[in-house]
Structure formats: C-alpha cells, structure tokens
Amino acid sequence: MSQTERVYSYSAVLMGSPILLKLFGHNEALASDVFRLIKQYEDLLTVNRAQSQVMSINHAAGRQAVDVSRPVFELIKCAKAASMLPGSAFNLAIGPLVKRWKIGFKGDSVPPADEIAALLPLTRPENVVLDEAALTVFLTQPNMEIDLGAIAKGYIADRVRDFLQRQGVEQGLINLGGNVQTLGSPEGGWSIGLKKPFAQADALIGSLEVENKSVVTSGVYERYFEQDGRRYHHILDPRTGYPLDNELESVTVISAQSIDGDIWTTLLYGMGVKKGCAALRNRPDIEAIFVTGQREVILSSATLFRFTLFDKAYRLTTGSTA
Ligand code: AMP
Ligand code: MG
C-alpha cells in the first residue's frame, strides 16, 4: 500500500452475519451496490425465512420439480457434486437434521436418537434431482430440505469479487462473516486473522497474508450449545446425524475461489488432519490450516499464503511432519 492510499471500511449485517467491505478509496455508492448484491443472493438462497427460491424447492419436496434461476441451479449442482464425492462429509440435503438440531438457535437440545435415525433417510443427496435442460430441482421425498448454509457465503463472496472487478476495482476485500475473498495485492498482502477457538471474539492465534485469494474458516466454536458437559456444534456428520466428532476446532482453507474454500472446510472436517493433508497433496490449488483441541496449528502446506503465529501456546507444524 503506498503512502497516499487509504483503506476505507464499510459494514452491514446480512445473512445473520457482520459483513465487512474494504476498498482503497472512498466510494459509498459502490459499497451500497455490493451490499445490495449480497442481499439479492441471500433472498434467493436463504432457508431461514419462509420464502426464497431454495425454500420453494423445499416446499415442493415429494410433489414436483421447481423452476429456478441459473445461479441457483448452478450452485445446487455444485453442492450436489460435492455431496456425492465418496465418503464426503458435505451434504446439501442435510436440512431436516439442521432444522431438528436448531444448533445456535433458540430451543436447541439433543434430539432423541430415534428421531435422528428417522431423519437420516431424508438427507440422501442422490434424491436431489436436477434437470439441466428445464432448469428445475426436485426433491423426490416429502420433507426433504436443501440447506446451502455451508456453501452460499463462498459463492456470494466470489460474485462480489467478480462485481468489484467489473467495476474496475483493483484492490478490495469482502468478509462475509468468516468467508473472506480478496482482490489484488496491496503491499505486504492482505492480512487476515486466524481466530482463537472458544476465546474472546478478537483473540487471534496468528495471521495469514494472501494476495488474490480467498480465506474461509469454519469453526466448531462459531455455533454450538452444551448439554450434560458435552459440546454440540453446527457441522453435522451426514453419516451419523450428530455433530462431527474429531480433534478439530477449526479448519481454514486458502484457495482462489471462495466456493472451493467453503466446500473444502466441510470436506476436511470430515477427514480430520491426517486424511485431509493426504487429500490436499493432490490439490496444489487448495491449502488448509487445521487447529486442534490440543493447541496444534497444522499447515497442509504454505505456498499460497504466509502464516505468522502470535500465540505461543500453540505448536506450529506442517502436514508432512504432523
Ligand atoms: P460453514 O459455516 O460453511 O461450515 O457451514 C455450516 C452450516 O452448513 C450449518 O450451519 C448448516 O446450515 C450447514 N451444514 C451443517 N452440516 C453440514 C454438512 N455436513 N454438509 C453441508 N452443510 C452442512
Ligand atoms: Mg462451508
């Protein structure tokens, strides 16, 4: 960043999250356009309101195929493909379980085991039927529900990046509450904090520097409740119907596209550190930072970003030595 350039920050609350836009140069009108764009996508994709295109699909479950717009179709297609990967922890049809657990919402408690077992058959991703020619989506079983909560922010972050690019913006950052997408390379790169799990909101383990990259973090500390001394968080294991249970407290993914980061945080949660690092060896375009309950920070590799550890209570290693 040169001496003459200043960062201007704009904020809003959308999709239930604080949204932050950073621009070099004061441009209130552009910030309003960005927030309007985010709201338009939220209106199409949300399942936290009675109406949206995704809710129309859910309301018609077991009855009929529903016409959707091209972006909604493409996003659902992408989410289904991630869900159909062998052993995938990602499942776009997880809706009935998410709604039943209500994690992070009023009235959350552990559902009876038989209820969870009864909901599992309603979460099969192969029962989300896409018709490319007709641009329709059909949920074949009554009470099935699509939930794009694990992918929508990544998709929208990429659309904001594209929009800013079309407006001629060379440097900018959008943070959709944990999903960061960046444009350009200010001097020293964009600095993004890695949050310390279960600590004050501003406590950081370290920071990453990136250029033209997305940084997505998914953490079990984001939304959870406690019952009988156990913690239940918001990332569910589609195989069991219960929160994913392993050593991880957060996973951060660095990639060019934020949608990939959003999908991969969930996939990696399901794999854990060892399998996750092994899977990423075939994907040089995607890197991850795992934070475990044993205060380890494990980098799968670090060619797309630079990492600085602040909190010396954590031990920093790379995937090859972990
Ligand atoms: P994220 O913050 O990207 O990790 O997404 C978490 C949200 O995705 C949750 O709040 C649910 O709405 C949804 N979700 C929970 N478990 C899964 C899963 N296994 N696959 C896909 N979406 C999920
Ligand atoms: Mg995600």
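Residues numbered from 1 in each chain as written. Chains lettered and ligands numbered in written order. Predicted model: local features only at pLDDT ≥ 70, side-chain atom pairs only at ≥ 80, totals over all residues. Heavy atoms only, no water.

Overview of the site of ligand 1
Near ligand 1 there are 16 residues, and of these Ala-89, Asn-91, Asp-147, Ser-218 and Leu-236 occur at the shortest range. Separating a nitrogen atom of ligand 1 from a backbone N or O atom of Asn-91 is a distance of 2.9 Å. At a separation of 2.9 Å, an oxygen atom of ligand 1 approaches a polar side-chain atom of Asp-147. For the shell around ligand 1, a count of residues per class yields eight nonpolar, four polar and four charged. Summarising the domain contributions, the shell around ligand 1 has at least three residues from each of domain 1 (46-147) and domain 2 (185-318). (Near = heavy atom within 4 Å. Polar contact = N/O pair within 3.5 Å; in protein donor to acceptor, adjacent residues only side chain to side chain. Nonpolar A, V, L, I, M, F, W, Y, C, P; charged D, E, K, R; others polar. Domains from an automatic or database assignment.)

Looking at the coordination of the magnesium ion (ligand 2)
Protein coordination at the magnesium ion (ligand 2) comes from Ala-150 (O), Asp-262 (O) and Asp-262 (OD), with a distance range of 2.2 to 2.6 Å. Highlighted residues: Ala-150 in the loop between strand S5 (136-139) and helix H6 (152-166) and Asp-262 in helix H7 (residues 258-280), separated in sequence by 112 residues. Under the relative-accessibility criterion, Ala-150 is labelled partly exposed at 29%. (Donors = N, O, S within 2.8 Å, 3.2 Å for Na, K, Ca; no water. Helix = DSSP H or I, 4+ residues; strand = E, 2+ residues; numbered from the N terminus. Buried < 20%, exposed > 50% of the residue type's maximum accessible area, 1.4 Å probe, protein only.)

Looking at the domain arrangement of the chain
Interface size is commonly expressed as the accessible surface area that is lost when the partners come together. Segmenting the chain into domains produces domain 1 (46-147) and domain 2 (185-318). Domain 1 and domain 2 are separated by 25 Å when their C-alpha centres are compared. Each partner contributes to the interface: domain 1 provides 22 residues, whereas domain 2 provides 20 residues. Interface area, domain 1 with domain 2, both sides summed: about 1800 Å², of which 76% is carbon and sulfur. Three residues, Ala-89, Trp-101 and Ile-103, lead the burial of domain 1 against domain 2; their summed loss comes to 33% of the area buried on that side. (Contact = heavy atoms within 4.5 Å. Buried area = accessible area lost by both parts, 1.4 Å probe.)

Side note on the packing of aromatic side chains
One pass over the structure, following the stated rule, counts eight aromatic pairs. Between Trp-101 and Tyr-242 the ring centres are 5.6 Å apart and the planes differ by 75°, which places this aromatic pair in the edge-to-face class. Here Trp-101 is found in helix H4 (residues 95-101), whereas its partner Tyr-242 is found in the loop between strand S12 (230-233) and strand S13 (248-255), with 141 residues between them in sequence. Three or more aromatic residues joined by ring pairs make a cluster, and in this case those are Trp-101, Phe-225, Tyr-232 and Tyr-242. A cation over a ring is seen here: Arg-231 above Phe-198, with NZ or CZ 3.7 Å from the ring centre. (Phe/Tyr/Trp six-rings, centres within 6.5 Å; stacked < 30°, edge-to-face > 60°. Lys NZ or Arg CZ within 6 Å of the ring centre and 35° of its normal.)

Quick notes on the environment of Ala-302
Its place among the elements puts Ala-302 in the loop between strand S15 (296-299) and strand S16 (306-309). We classify Ala-302 as partly exposed; its relative accessible area is 39%. Separated by 141 residues in the primary sequence, Ala-302 and Arg-161 have C-alpha atoms spaced 23 Å apart.

Overview of the nonpolar core
Counting residues in hydrophobic clusters, the biggest one holds 70 residues, and the most contacted among them are Ile-38, Leu-45, Ile-146, Leu-148 and Leu-164. Sorting elements by how many residues they give to this core places H7 first, with nine residues. In this structure, this core is formed jointly by two domains, domain 1 (46-147) and domain 2 (185-318), each of which donates at least three residues. (Core = buried A, V, L, I, M, F, W, Y, C linked by side-chain atoms within 4.5 Å.)

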